[in-house]
Amino acid sequence: MENDLTDNKNLAQLTEQMLKKKLTLAVAESCTAGLIQNVISQAENAMGFFQGGITAYNSAQKAIHLQVNPIAAEACNAVSKQIAEQMAIAVSSKFNSEIGISITGYARTVPAEGINSCFAYIAIAAGEEILLSKKITGKTGATLADNQQIYTEKLLHNLISILNKM
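Conventions adopted
Residues numbered from 1 in each chain as written. Predicted model: local features only at pLDDT ≥ 70, side-chain atom pairs only at ≥ 80, totals over all residues. Heavy atoms only, no water. Buried < 20%, exposed > 50% of the residue type's maximum accessible area, 1.4 Å probe, protein only. Helix = DSSP H or I, 4+ residues; strand = E, 2+ residues; numbered from the N terminus. Pairing = 2+ DSSP bridges. Contact = heavy atoms within 4.5 Å. Polar contact = N/O pair within 3.5 Å; in protein donor to acceptor, adjacent residues only side chain to side chain. Axes fitted to C-alpha atoms, helices over the stretch in contact; angles between N-to-C directions.

(A) Structural context of the pairing of strand β3 (residues 99-106). With eight of eight residues buried, β3 is to be regarded as a mostly interior element. Neither face of β3 is exposed, since I99, I101, I103 and G105 on one face and G100, S102, T104 and Y106 on the opposite face are all buried. Pairing analysis gives five bridges linking strand β1 (residues 25-29) to β3, with the strands arranged parallel. The residue of β3 that forms the bridge with A28 is S102. With eight bridges joining them, β3 and strand β4 (residues 119-126) adopt antiparallel strand pairing. For I99, the partnering residue across the bridge sits in β4 and is A126.

(B) Examining unusual backbone geometry more closely. Notably, N45 is not glycine yet its phi reads approximately 65°, a positive angle. Tracing the chain through its elements places N45 in the loop between α2 (35-41) and β2 (50-55). Here the phi dihedral of N77 falls at roughly 55°; this positive angle occurs in a residue that is not glycine. Position of N77 among the secondary structure elements: in the loop between α4 (70-76) and α5 (81-94).

(C) Quick look at the environment of Y151. Here Y151 lies in helix α6 (residues 144-165). Along the primary structure Y151 and I124 are separated by 27 residues, whereas in three dimensions their C-alpha atoms are 14 Å apart. Setting aside anything within four residues of it in sequence, one finds Y151 in contact with C31, T32, I103, Y106, A107, C118, F119, A120, I136, T137 and G138.

(D) Summary view of the environment of N164. As for its placement among the helices and strands, N164 is situated in helix α6. Accessibility expressed as a relative area gives 48% for N164, which makes it partly exposed. For N164, the side chain forms a polar contact with the side chain of Q17, separated by 3.3 Å.

(E) Structural view of the sheet that holds β2. Here five strands make up an open sheet; going across it, the order is β2-β1-β3-β4-β5 and the pairing mixed. In the strand order of this sheet, the two ends are held by β2 and β5 (129-137), each with one partner. Put simply, the sheet's adjacent strands are angled 15° from each other on average, direction ignored. In this structure, β1 lies alongside β2, joined through five bridges in parallel fashion. Within β2, the position partnered with L25 by the bridge is F50. The sheet contacts of α5 involve β1, β2, β3, β4 and β5, and relative to β3 the element is tilted by about 145°. Along the sheet face, α6 touches β1, β3, β4 and β5 and points at about 145° away from the line of β5.

Okay, structure coming up:
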């Protein structure tokens, strides 16, 4: 994809909302492999709201670092709405932030495992409360990097929408 996420007006809107509302943010990600954290860290004044994040790429790391239920994670390869919600709540707590966001999914197909489309689950939490939890889709046939960018843009867009309602 040709868009540079760090020039995205959504990033400026995110920064403005977080600072105006005096909120902090932490990120738990899997299929985006740190891209969301990278993008947010490049925002002007990111130090004023971004606490950090964790990239937990497999079920075991999600269980260890994000208190994801290991039995539930094993049953779905740690890709479900429930797992995303657990990740968002845990990262918010772990990083002492008001808002926790998470993503877990597939940014490319895995035909050997029956994964023939690209999708992810995202969640946004304020403490223990889930503000948003849903499935998003990528583009089957797109590159891994393109889908990671699509997911990042979609998650940031959803976060801004939630912040605008707070």
